[in-house]
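Coordinates in review
Residue strings, one per chain:
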Amino acid sequence: MSDRRPLLLKIGATVLSLLATAASAAYVTAHVKNPSAPLQPSVLSSSVRPADVQPVTSTYAS
Amino acid sequence: MRPELHFRAMGTTCSLFGDGDLVDGERWVRSFAARITRFDQSSELSHLNAAAAWVDISPELEQLLRASLRAFEMSGGLVNVAVLPSMIAIGYTRPLAEGPTAARLDQAHSAPLLPNVLNVKRGKARLAPNVRIDLGGVAKGWMADRLCERLGANSLGNLGGDLFARGEWPVEIAGQTYLLRDLGVATSSTRRRRWGDMHHVIDPRTGLPAASGLEEVSVAADTATAAEVIAKTALIAGPDLAPAYCATHAQAWWLS
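A short tour of the structure in this document, coming up. (Residues numbered from 1 in each chain as written. Chains lettered and ligands numbered in written order. Predicted model: local features only at pLDDT ≥ 70, side-chain atom pairs only at ≥ 80, totals over all residues.)

**Some remarks on the nonpolar core**
All names here are of chain B. Condition: Core membership is restricted to buried Ala, Val, Leu, Ile, Met, Phe, Trp, Tyr and Cys residues, and these are joined into a nonpolar core through C-beta atoms within 7 Å. Residue burial is a threshold on neighbouring C-beta atoms within 10 Å of the residue's own C-beta, all placed from the backbone, with 20 or more meaning buried, 12 or fewer meaning exposed, and counts in between meaning partly exposed. Here a helix means four or more residues in a row that DSSP labels H or I, a strand means two or more in a row labelled E, and each is numbered from the N terminus. Throughout, a residue-residue contact means that the two C-beta atoms, derived from backbone geometry, are no farther apart than 7 Å.
Counting residues in each nonpolar core, the largest one holds 84 residues, and the members touching the most others are Val-185, Val-219, Ala-220, Ala-227, Ile-230 and Ala-234. With 10 residues, the top contributor of residues to this core is helix α7 (residues 224–237). Setting aside its immediate chain neighbours within four residues, Ile-230 contacts Val-219, Ala-221, Cys-246, His-249 and Ala-250.

**Looking at the packing of helix α1 (residues 22–36) of chain B against helix α6 (residues 136–151) of chain B**
All names here are of chain B. So the rule is basically this: Comment: axis = line fitted to C-alpha atoms, over the contacting stretch for helices; angle = value between 0 and 180 degrees taken between N-to-C directions. Should an angle lie under 35 degrees it is considered roughly parallel, over 145 roughly antiparallel, and from 65 to 115 roughly perpendicular; all remaining angles are considered oblique. What makes a crossing left-handed is the near helix being turned counterclockwise from the far one by less than a right angle; a clockwise turn instead makes it right-handed.
Axis separation between α1 and α6 bottoms out at 10 Å; the angle between their running directions is 150°. Between α1 and α6, the angle falls in the class roughly antiparallel. The two elements α1 and α6 meet at a crossing, and its hand is right-handed. Contacts from Asp-24, Gly-25, Trp-28, Val-29, Phe-32 and Ile-36 in α1 reach Ala-139, Met-143, Leu-147, Arg-150 and Leu-151 in α6.

**A short note on the environment of Ala-71 of chain B**
Note that Ala-71 of chain B resides in helix α3 (residues 59–74). Apart from the residues lying within four places of it in its own chain, the contact partners of Ala-71 of chain B are Val-79, Val-138 and Val-229 of chain B.

**A short note on the packing of α6 of chain B against α7 of chain B**
Residue and element names in this part refer to chain B. At a closest axis distance of 7 Å, the pairing of α6 and α7 adopts a crossing angle of 155°. One element, α6, and the other, α7, form an angle in the roughly antiparallel class. Contacts between α6 and α7 pair Gly-137, Val-138, Lys-140, Gly-141, Trp-142, Ala-144 and Asp-145 from the former with Ala-224, Thr-225, Ala-227, Glu-228, Val-229 and Lys-232 from the latter.

**Details of the pairing of strand β4 (residues 118–121) of chain B**
Defined as follows: A pair of strands is treated as paired once DSSP finds two or more bridges between them.
Alignment of β4 of chain B against strand β5 (residues 124–127) of chain B, held across 4 bridges, turns out to be antiparallel. The residue bridging Leu-118 of chain B from the neighbouring strand is Leu-127 of chain B, located in β5 of chain B.

**Concerning the sheet that holds β5 of chain B**
Residues and elements named next belong to chain B. Read from one edge of the open sheet, 3 strands run β3-β5-β4, paired in antiparallel fashion. On the outer flanks of this sheet lie β3 (55–56) and β4, each paired with one strand and no other. Against the sheet, α3 touches β4 and β5, its axis set at about 135° to β4.

**Some thoughts on α7 of chain B**
Keep this limit in mind: Helices are assigned an expected span. That span is 1.5 Å times one less than the residue count.
The end-to-end C-alpha separation of α7 of chain B is 20 Å, in line with the 20 Å expected for 14 residues at 1.5 Å each. Once α7 of chain B finishes, Gly-238 of chain B follows within two positions and takes phi at roughly 100°, a positive value.

**Quick word on unusual backbone geometry**
All names here are of chain B. For Met-10, which is not glycine, the phi dihedral falls at a positive 55°. Residue class for Met-10 comes out buried when judged on the 20 C-beta atoms lying within 10 Å of it. Positive phi values are uncommon outside glycine, yet Ala-52 reaches one of about 55°. As for its position among the elements, Ala-52 is in the loop between α2 (44–51) and β3.

What follows is the structure, given as structure tokens:
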């Protein structure tokens, strides 16, 4: 039994590595980057809202 | 109609809004800008640039230098105040109102890693020999943040496009009006402050004006300092990296 133990450990480690690789590949494949994602996304924050009023100032340097 | 005050300082237009003491705000902007300009050899910044040794600095300059080091770290080195030799090489040797001088691109070079050449400790700072800094946009953002602290609630300070809105204010960003609440905004652009093939946004990796494919980036973030750093980083990084960088760091952004 003691002669088999290192072999079992090696097999176990190999199987674990293969499973981790397969799981990672499956996750990445299921979450592919969308190549048509917009370069200019919509405003995200509730602290920034489009408004139909006259601005007091602009962020452009002059 | 809230009180407002407009004036020229730091080579740009400054606008203050709110019920606070706007005249005191203008006085502070002019006073601090005079201490950190590179165009006056008697300024506090010029003394630091010339010393190449430990020099005494004011608490405000100490805070600004620490903000510059954080900007370097946050931008992965793309916002680096040590690009002054390259700015001089491209002809930005004096205020642009006086016009640029002839470019000497052979003297433009990549900037040193800022933490390797700028040391800051309480009340003192030191630059390595032959290193000079221009606090530029980081200073404007940092000053806009400090300005609104001075002006109190419901105030807005816009220093040449770097602004902080304390309370809710309508601000034009990228051609549209947005209501901002307790946010900083900054626009970094190669379309302005340019002459010939040159403009003032230096890529510290090359020492030359940035040519990333993006021309203008506006960013809203928790502070004007952060907005300035994120906008300039995205502009220099280019269209492939900018969306992910902005998504990680900004509250909202506009790229073109």
